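# Analysis of the macromolecular model
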Amino acid sequence: MKWKKYTIETTTAAEDFMSSILMELGIEGIEIEDNVPLSKEDQADMFIDFLPELPPDEGKSRVSFYVEEDGSDRTELLKKVKVGLEDLRGMVDVGSGVITSSETEDLDWINNWKKYFSSFTIEDILIKPTWEELKEEDRDKFMIEIDPGISFGTGKHETTQLCIRQLLKYIRGNEEYTPKNPHPKVLDVGCGSGILSIVALKLGASAVVGTDLDADCMTSTRENMEVNHLDTSLGTFYVGNLIDDEELQKKVGMEEYDIVVANILADVIIPMAPVIPRHLKKGGYFITSGIIDFKENEVKQAITEAGLKVVEINRQGEWINITAVKPDTED
């Protein structure tokens, strides 16, 4: 499908007004480009550890909108856009208001990203996107199929891989560690596409419970469980914030879990750390990642102050995994 892109040269003061005008005209594909830095509140809401470097904000903005290129005459639509733009001039600086156009090649916002996600392995696990054909040589491999949909989690990011390696160790075991319970109950905080819950179940977990702020993650997780031929009754998933939602904490259950895994970000893990021991059994493990390297000490301190003992730290690129244990007073 081909699309026509129209770009309005305007100002940051007018960009929201301009977007509203476009939406009132029935246009849904809208894009805003500016150099306004994120506020601390926006940064926290988006769970961003570090900000991209932007050129200085000079108050300029580019508001673009897309319409399907089907041969229709867009003269009337553009006339309405220009009228709306001129109406704004009386209340806000709209800048030059120049509108330029260009064509895009087969624009598909939903599916184009898929070309960047192909099959890969983590140790002996093959992680394959659902839309990719299984190669003959891979048919006997330990396989997990994933379609993230609009949720986070293909498994390719370093933070997810760090967590998967730790789940391999603490569920299946290796030469360094033999699990006391080969069928642990696992809590997946920030479950996203459900990839860590699925890995845990396929490695032998007896059950998983997951939480996420995004309701769409519940759908993605259940669909991915079905794709992997897992009994959906083995997974229970809740929408909410485990940090301060006491009702959610009760639903999740206290001192029930052999493993809690959280692939989030440092600024979420730090306030969450005091909550985690309530859900872990004695001797249970907290596996976490999403920690950029310069946040390592802050997260480690928060985990330690919460009463957990750090047992290992692993690194991949600039990302950190911290694994901690809840002390077993009977030992």
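As the structure is a computational prediction, the values presented were derived from the model and not from experiment.

With that out of the way, let us pick up the overall build of the protein chain. Helices and strands together make up the secondary structure of the protein chain, namely ten helices and 14 strands. Classification of the 331 residues of the protein chain by burial places 45% in the buried group. By sequence separation, contacts in the protein chain at least 24 residues apart represent 68% of the contacts at least 6 residues apart. When the accessible surface of the protein chain is summed, it comes to about 17200 Å², and 49% of that surface belongs to carbon and sulfur atoms.

All chains considered together, the criterion is met by four aromatic pairs. Ring geometry for Tyr6 versus Phe65: centroids 5.3 Å apart, planes at 20 degrees, classification stacked. Separated by 59 residues along the polypeptide, Tyr6 in strand β1 (residues 3-11) and Phe65 in strand β3 (residues 60-68) bring together distant segments of the chain. Here Tyr6 falls in the buried class, since its relative accessible area comes to 7%. An angle of 85 degrees between the planes, with centres 5.7 Å apart, marks the rings of Tyr177 and Tyr285 as edge-to-face.

This part takes up the pattern of salt bridges. Pairs may arise between side chains of opposite charge once their charged atoms sit close together. Per the counting criterion, the structure on display carries 17 salt bridges. Here Glu9 makes a salt bridge to Arg62, at a shortest N to O gap of 2.8 Å. One end of the pair, Glu9, is in strand β1; the other, Arg62, is in strand β3, and 53 residues separate them in sequence. In this structure, Lys169 and Glu312 form a salt bridge, with 2.8 Å as the shortest nitrogen-oxygen distance. With a gap of 143 residues between them, Lys169 in helix α4 (residues 158-172) and Glu312 in strand β13 (residues 309-316) connect regions that are remote in the sequence.

Let's shift gears to the packing of helix α1 (residues 15-24) against helix α3 (residues 75-88). Running from N to C, α1 and α3 point in directions that differ by 145 degrees, and their axes come no closer than 10 Å. Taken as a pair, α1 and α3 cross one another with a handedness that is right-handed. Where α1 approaches α3, its residues Phe17, Met18, Ile21 and Leu22 are matched on the opposing element by Val81, Gly84, Leu85 and Leu88. Among the residues forming the contact of α1 with α3, the class breakdown is seven nonpolar, one polar and no charged.

Bringing the packing of α4 against helix α5 (residues 195-203) into the picture now. Where α4 meets α5, the axes come as close as 10 Å, and the angle between the chain directions of the two elements is 20 degrees. As the angle between them shows, α4 and α5 are arranged roughly parallel. Handedness of the crossing formed by α4 with α5: right-handed. Where α4 abuts α5, its residues Thr160, Cys163, Ile164, Leu167, Leu168, Ile171 and Arg172 lie against Ile195, Leu196, Val199, Ala200 and Leu203. When grouped by side-chain class, the residues that make up the contact of α4 with α5 number ten nonpolar, one polar and one charged.

This next bit is on the confidence of the model for the protein chain. Parts of the model with low pLDDT should not have their predicted coordinates read in detail. Per-residue confidence for the protein chain gives a mean pLDDT of 87, with 87% of residues at or over 70. The least confident element of the protein chain is helix α2 (residues 40-45), whose mean pLDDT is 52; the most confident is helix α9 (residues 276-279), at 98. Low pLDDT, under 50, characterises residues 44-50; the stretch is placed with 20 contacts to residues that sit more than four places away or in other chains.

Right, let's get into the environment of Glu298. With respect to the helices and strands, the residue Glu298 is situated in helix α10 (residues 296-305). Its relative accessible area of 42% is what places Glu298 among the partly exposed residues. Between the C-alpha atoms of Glu298 and Ile269, which are 29 residues apart in sequence, the distance is 9.8 Å.

Across the sheet, seven strands lie side by side as β10-β9-β8-β11-β12-β14-β13; this open sheet has mixed pairing. A strand with exactly one partner marks an edge of an open sheet, and here the two such strands are β10 (235-239) and β13. Ignoring strand direction, the axes of neighbouring strands in this sheet form an average angle of 15 degrees. As judged from the five bridges shared by strand β9 (residues 207-212) and β10, these two strands associate in the parallel manner. Bridge pairing in β10 links Val208 to Gly235. Along the sheet, α4 makes contact with β8 (185-189), β11 (257-263), β12 (280-292), β13 and β14 (319-325), crossing β13 at roughly 135 degrees. Lying on the sheet, α5 is in contact with β8, β9, β10 and β11; it crosses β9 at an angle near 175 degrees.

Attention now moves to α3. Under the 1.5 Å per step criterion, the end-to-end length of α3 is 20 Å for 14 residues, consistent within 8% with the ideal 20 Å. What α3 keeps buried is the set Leu77, Leu78, Val81, Gly84, Leu85 and Leu88. The buried residues of α3 all sit within an arc of 120 degrees when viewed along its axis, so they share a single face.

About the thresholds
Each chain carries its own residue numbering, running from 1 in the direction its sequence is written. Predicted model: local features are reported for residues with pLDDT of at least 70 only, side-chain atom pairs are reported and counted for 80 or more only, and whole-chain, interface and lining totals are derived from all residues. As a rule here, side-chain values come from all non-hydrogen atoms in the structure, and water together with hydrogens is ignored. In this description a helix means any DSSP run of H or I spanning at least four residues, a strand means any run of E spanning at least two, and both kinds are numbered starting from the N terminus. To sort residues, take the accessible area from a 1.4 Å probe on protein chains only and compare it with the maximum for the residue type: under 20% means buried, over 50% means exposed, and anything in between is partly exposed. Here a residue-residue contact requires only that any non-hydrogen atoms of the pair lie within 4.5 Å. Note on areas: Shrake-Rupley, 1.4 Å probe, and residue coverage restricted to the protein chains presented here. Between rings of Phe, Tyr and Trp, where Trp is taken as its six-membered ring, a pair exists when centres lie within 6.5 Å; planes separated by under 30 degrees are stacked, by over 60 edge-to-face, and by other angles tilted. What counts as a salt bridge is simple: a side-chain nitrogen of Lys or Arg found within 4 Å of a carboxyl oxygen of Asp or Glu. Only the contacting stretch of a helix is used when fitting its axis, a line to C-alpha atoms as for every element, and angles between N-to-C directions run 0 to 180 degrees. Crossings are classed by handedness, with left-handed meaning an anticlockwise turn of the near helix from the far one by less than a right angle and right-handed meaning a clockwise turn. In the scheme used here, Gly and all other residues not listed as nonpolar or charged are polar, with Ala, Val, Leu, Ile, Met, Phe, Trp, Tyr, Cys and Pro taken as nonpolar and Asp, Glu, Lys and Arg as charged. Roughly parallel means an angle under 35 degrees; roughly antiparallel means over 145; roughly perpendicular covers 65 to 115; every other angle is labelled oblique. pLDDT expresses how confident the predictor is about each individual residue, on a scale running from 0 to 100. Here, strands pair whenever DSSP counts at least two bridges between them. The length a helix should cover is 1.5 Å for every residue beyond the first. Relevant arc is that of directions from the helix axis to the C-beta atoms, nothing else.

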